Amino acid sequence: MTLDPVATLMLDEAGDLGARVLVLDEPSLANHLRSAGHDVVAVCDDLLEERRLDGDPARLDEQALAGVEVVLLRLPKSLGMLEDYAQRIAAWGGPQVRVVAGGREKHLTRGMNDVLASSFADVHASRGRQKSRVLHAAGARPGPRTWPRTTRVDWLALTVVSHGGVFASGRLDAGTRLLISALGQARTGRAVDLGCGTGLVASWLARRGDQVLAVDTSLAACASARDTAAANGLTVAVQRADSLTGVAARSVDLVACNPPFHVGTTKDSTPGFDLLRTAVPALAPGGELWTVFNSHLPYLPFLRAEVGDTTVAARDPHYIVTRSVRS
Ligand SMILES: C[S@@+](CC[C@H](N)C(=O)[O-])C[C@H]1O[C@@H](n2cnc3c(N)ncnc32)[C@H](O)[C@@H]1O
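Residues numbered from 1 in each chain as written. Predicted model: local features only at pLDDT ≥ 70, side-chain atom pairs only at ≥ 80, totals over all residues. Heavy atoms only, no water.

On to the sheet that holds strand 11 (residues 236-240). Strands sit in the order 11-10-9-12-15-17-16 across an open sheet of 7 strands; the sheet is mixed. Each edge of the open sheet carries a strand with a single partner, namely strand 11 and strand 16 (308-315). Across the sheet, the mean angle separating the axes of adjacent strands is 20° when strand polarity is ignored. In terms of strand pairing, strand 10 (residues 211-216) meets strand 11 through 5 bridges, oriented parallel. Bridge pairing in strand 11 places Asp-216 opposite Arg-240. (Pairing = 2+ DSSP bridges. Helix = DSSP H or I, 4+ residues; strand = E, 2+ residues; numbered from the N terminus. Axes fitted to C-alpha atoms, helices over the stretch in contact; angles between N-to-C directions.)

Here it is as structure tokens:
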């Protein structure tokens, strides 16, 4: 099993891993250490990464951190997620816990040091190697947890709860706003918020009376969507799942989706297309797929070719909202 330069550097920098090591968002490293006989607790926010684990996954909670001396962590691109992780590790890891957090140099920011320094007394960076670097953090300073965060979105008259790392944390994304502004024209009934993030779309659909399923691969997103629905007194079923492949064929009247446009730190529409493609078999006859995308992206031909009759339901200078009816 080959490790990438970041994981290799993390391992080299970590030194003695102690009796039990926690590996966060780094499935290859978790598998590598397990195969070398280490007692590994492995946690992945993303379900697709979690599926790459050879052993059982865990959650980043008090039980997972019991007896752990070293946390090997792949630096997330979201500072909110790093902060949430750092606060949990400092709270539950005990005074001995050390964090070795690795990333590509081009993705490292000063803010990452600052976030770690708010939960650990001693934070320093390693020397770079093969365009990679690690941040070391030790001397846990447990403090109040500042995640999840609760915000009021007046425009929707909804409360949004955001766990660290969720898309559009604490706010309404401009694309989502345009999507919701058009969804009043959408078919009602059994609805799915596909790639739900904080679950604002799901809660909006539930409030108008739809029977709603919210789906996302991210633990932070699913926790946020669950808490957002609860904060608004609404019923939303939340499933951590990859796309709509697990949903019964022809069982859904409406799919609403603000698709992902990144793979890690790179802009890429492919996962968005893949995600929308999985919605098609799930749609009942006459079922509608509503989506929003950046005006310059080639979604219209894709939707017309792969979903069915597609019309533009709303647009602004940046985004287009479309309604596609399953053909
Ligand atoms: C652009 S965000 C939209 C979030 C939310 N719907 C909103 O509008 O604020 C896309 C979401 O899709 C999720 N996602 C990406 N790939 C997915 C997949 N294969 N299955 C389910 N969700 C996915 C991401 O985790 C992310 O939360």
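Residues Leu-156, Leu-183, Leu-205, Val-236, Trp-290 and Val-321 are the most contacted members of the largest nonpolar core, which totals 34 residues. Leu-60, Ala-64, Val-97 and Ala-101 belong to the second largest nonpolar core, which has 29 residues in total. (Core = buried A, V, L, I, M, F, W, Y, C linked by side-chain atoms within 4.5 Å. Buried < 20%, exposed > 50% of the residue type's maximum accessible area, 1.4 Å probe, protein only.)

A separate point is the site of the ligand. As a matter of local geometry, the ligand sits amid 15 residues, with Thr-176, Gly-195, Asp-216, Asp-242 and Ser-243 nearest to it. In the model, a nitrogen atom of the ligand is placed 2.8 Å from a nitrogen or oxygen of the Gly-195 main chain. One of the backbone N or O atoms of Ser-243 is found 2.8 Å from a nitrogen atom in the ligand. Coverage of the ligand by the protein chains reaches 87% of its 590 Å² of free accessible surface. (Near = heavy atom within 4 Å. Polar contact = N/O pair within 3.5 Å; in protein donor to acceptor, adjacent residues only side chain to side chain. Areas by Shrake-Rupley, 256 points an atom, 1.4 Å probe, with all protein chains shown as cover.)

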